[in-house]
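Geometric and topological summary
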Amino acid sequence: MSQIRIGIVGCGSVSQIVHLPTLRQLSDLFTVTALCDVSQKVLAGLGDDWGIATRLTDYRELLALDTVDAVLIANPDVYHAEITIAALQAGVHVLVEKPMCLTLADNDAIIAAENETGGIVQVGTMRRYAPAFIEGCRLVKEMDAIRYARVHDVIGSNSLVIEPTSRVVAADDIPASIGESMRQRTDEQVRAAIGEAPAALSTAYRMMLGLSTHDLSAMRDMLGMPERVLHAAQHFGGLYQTAAFDYGDFVCQFTTGVDKIPRFDTYLQVYGGERVVRVDYDTPFVRNLPITLTVTETTDGWNKAQTVTHPGWGDAFTEEWRAFHHNVVSGREAKSSPSDFRNDLVLFRDMIQLMDGASG
């Protein structure tokens, strides 16, 4: 299987701006054979633009095709679990955009389906596949002892970057009833995850699923799973959050929020006694922007040296897709697997419980 045939379920902005160009770039590894979306307008626009003849509105029909080896699931997140399980049962491998699911029950059902079928599921936390991040993890593991760490992610709304830089075929032909059904389903799944909660906590949980899973997944990759959550708080209706994670010998502080400034202020920073390692990210909606690694250290206790490296032009999504190809061909479990993603949901649950206690 040198070239994997991909079906795309969900053809919104991330598929249009990132995934389709990336798969075209990696045409020696992938070919897109089918599109699925509830918007006929989007299907027509993307199908014509990219020369993809098979255009469907029901994911079940896509999974039944003998021209699809693997599926990208990039539609609204409340549908990810059911489509992931259906794909595995159909013998189709899965790259699913984060969040893979909203509840631990769905997560466990996906793990069971993956184990039963032997299929590959890779969750789209692409920041973990960036060369700068991978090198940063190696340097952190060389440290004698970590004394402190920070995870910071304060960004402007994605639309502030997308609108002036990209052409996106809008799904403005979808009936209002579909949107209302999705909102009801989202509310039900959030309640199943965190129980009856104030609106601010529900918003905070959705923020965790949509943005913080990038940060905490990368934190776990670099530092491991924390022993517990020491502190968690939300402000401004759940749009801003802080947390402190206990790693025994050190604490990792976490901050996130969304504002109206068109920029991406996102990094992980780890402090040792003689070395500080920092990985900086930029918006994923402009392809191939630098992801940099900064190392500040001393070798003699007197002098300071600082290096800023950008390990080659490329995109974290590209490396994510390369890893997916390798995982499918070799049958290797993805590092961003369903079992790995479950740890994010556990941290989110614990954070919400502390936020709920603080507001009670």
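Procedures and definitions
- The written sequence of each chain sets the order in which its residues are numbered from 1.
- Residues qualify for local features only when their pLDDT is at least 70, as the model is predicted, and side-chain atom pairs are given and counted only at 80 or more; totals for whole chains, interfaces and linings, by contrast, use all residues.
- Side-chain numbers here rest on the full set of heavy atoms in the structure, without hydrogens or water.
- A fitted line through C-alpha atoms serves as each axis, taken over the contacting stretch for helices, and the angle formed by two N-to-C directions is quoted from 0 to 180°.
- Helix numbering and strand numbering both begin at the N terminus, where a helix is a DSSP run of H or I of at least 4 residues and a strand a DSSP run of E of at least 2.
- For classification purposes, an angle smaller than 35 degrees is called roughly parallel, one larger than 145 roughly antiparallel, one from 65 to 115 roughly perpendicular, and anything else oblique.
- In what follows, residue pairs with any heavy atoms lying within 4.5 Å of each other are defined as contacts.
- Ten residue types, Ala, Val, Leu, Ile, Met, Phe, Trp, Tyr, Cys and Pro, are classed as nonpolar, four, Asp, Glu, Lys and Arg, as charged, and the remainder, Gly among them, as polar.
- The pairing criterion for strands is at least two bridges between them, as found by DSSP.
- In summary, the pairing rule links any two rings of Phe, Tyr or Trp, Trp by its six-membered ring, whose centres are within 6.5 Å, and it sorts them by plane angle into stacked for under 30 degrees, edge-to-face for over 60 and tilted for everything else.
- With a 1.4 Å probe rolled over the protein chains alone, any residue whose accessible area is under 20% of its type maximum counts as buried; one over 50% counts as exposed, and the rest are partly exposed.
- Whether a charge sits over a ring comes down to the Lys NZ or Arg CZ being within 6 Å of the ring centre and within 35 degrees of the ring normal.
- Each reported salt bridge corresponds to a side-chain nitrogen of Lys or Arg within 4 Å of a carboxyl oxygen of Asp or Glu.

1. Focus on the packing of helix 4 (residues 80-89) against helix 5 (residues 104-117)
It is the contact of helix 4 with helix 5, at a shortest axis distance of 9 Å, that shows an interaxial angle of 10°. Looking at the two axes, helix 4 sits roughly parallel to helix 5. Facing Ala 81, Thr 84, Ile 85, Leu 88 and Gln 89 of helix 4, the residues of helix 5 in contact are Asp 106, Ala 109, Ile 110, Ala 113, Glu 114 and Thr 117. Taken together, the residues that form the contact of helix 4 with helix 5 break down as six nonpolar, three polar and two charged.

2. Examining the sheet that holds strand 14 (residues 305-309)
Sheet strands line up and pair through hydrogen bonds in the backbone, either parallel or antiparallel. An order of 8-9-10-7-11-12-13-14 is seen for the eight strands of this open sheet, with the pairing classed as mixed. Lying at the two open borders of the sheet, with one neighbouring strand each, are strand 8 (228-235) and strand 14. Strand after strand, the sheet turns through a mean of 10° between neighbouring axes, direction not considered. Inspection of the sheet shows strand 9 (residues 240-246) paired to strand 10 (residues 251-259) by seven bridges, in the antiparallel sense.

3. Some remarks on the packing of aromatic side chains
Considering all chains together, one arrives at seven aromatic pairs under this definition. Geometrically, the ring pair formed by Tyr 205 and Phe 348 is edge-to-face, given 6.5 Å between the ring centres and 90° between the ring planes. Here Tyr 205 is found in helix 9 (residues 199-223), whereas its partner Phe 348 is found in helix 11 (residues 338-359), with 143 residues between them in sequence. Assigned by exposure class, Tyr 205 and Phe 348 land together as buried. Between Trp 321 and Phe 324 the ring centres are 5.7 Å apart and the planes differ by 90°, which places this aromatic pair in the edge-to-face class. Of this pair, Trp 321 and Phe 324 both sit in helix 10 (residues 316-330), separated by three residues, roughly a single helical turn. Residue classification places Phe 324 among the buried positions, given a relative accessible area of 0%. Positioned above the aromatic ring of Tyr 267 is the side chain of Arg 278, whose terminal nitrogen or guanidinium carbon lies 3.7 Å from the ring centre. Sitting over the face of the ring of Tyr 129, Lys 335 holds its NZ or CZ atom 5.0 Å from the ring centroid.

4. Description of the sheet that holds strand 4 (residues 70-73)
Strand order in the open sheet formed by six strands is 3-2-1-4-5-6, with parallel pairing between adjacent strands. Looking along the sheet, the strands with just one partner apiece sit at the ends: strand 3 (54-56) and strand 6 (121-124). Strand-to-strand twist of the sheet, defined as the mean angle between neighbouring strand axes without regard to direction, takes the value 25°. Where strand 5 (residues 93-97) and strand 6 come together, four bridges link them in parallel fashion. Along strand 6, the bridge assignment pairs Val 94 with Val 121.

5. A look at the pattern of salt bridges
Applying the stated criterion to the full structure yields 26 salt bridges. Asp 48 is the salt-bridge partner of Arg 55, the closest N and O atoms lying 2.9 Å from each other. Take Asp 48: its relative accessible area is 55%, and that puts it in the exposed class. Between Arg 167 and Asp 49 there is a salt bridge, and its shortest N-O distance comes to 3.0 Å. Taken together, the positions of Arg 167 in the loop between helix 7 (159-165) and helix 8 (176-194) and Asp 49 in helix 2 (residues 40-50) put the pair 118 residues apart, joining distant regions of the chain. Overall, Arg 167 belongs to the exposed group, its relative accessible area being 62%. Given a relative accessible area of 46%, Asp 49 falls into the partly exposed group.

6. Topic: unusual backbone geometry
With an omega of -10°, the peptide bond running from Lys 98 to Pro 99 counts as cis. Take Pro 99: it is sitting in the loop between strand 5 and helix 5. Residues other than glycine seldom take positive phi values, yet Phe 236 does so here, at roughly 50°. On the secondary structure map, Phe 236 appears in the loop between strand 8 and strand 9. By relative accessible area, Phe 236 is classed as exposed at 69%.

7. Some details on the packing of helix 8 against helix 9
At their nearest, the axes of helix 8 and helix 9 sit 11 Å apart, and the two run at 95° to each other. With respect to helix 9, the element helix 8 is oriented roughly perpendicular. Only Leu 201, Ser 202, Tyr 205 and Arg 206 of helix 9 make contact with helix 8, whose side of the interface consists of Thr 186, Val 190, Ala 193 and Ile 194. In terms of residue class, the contact of helix 8 with helix 9 is built from five nonpolar, two polar and one charged.

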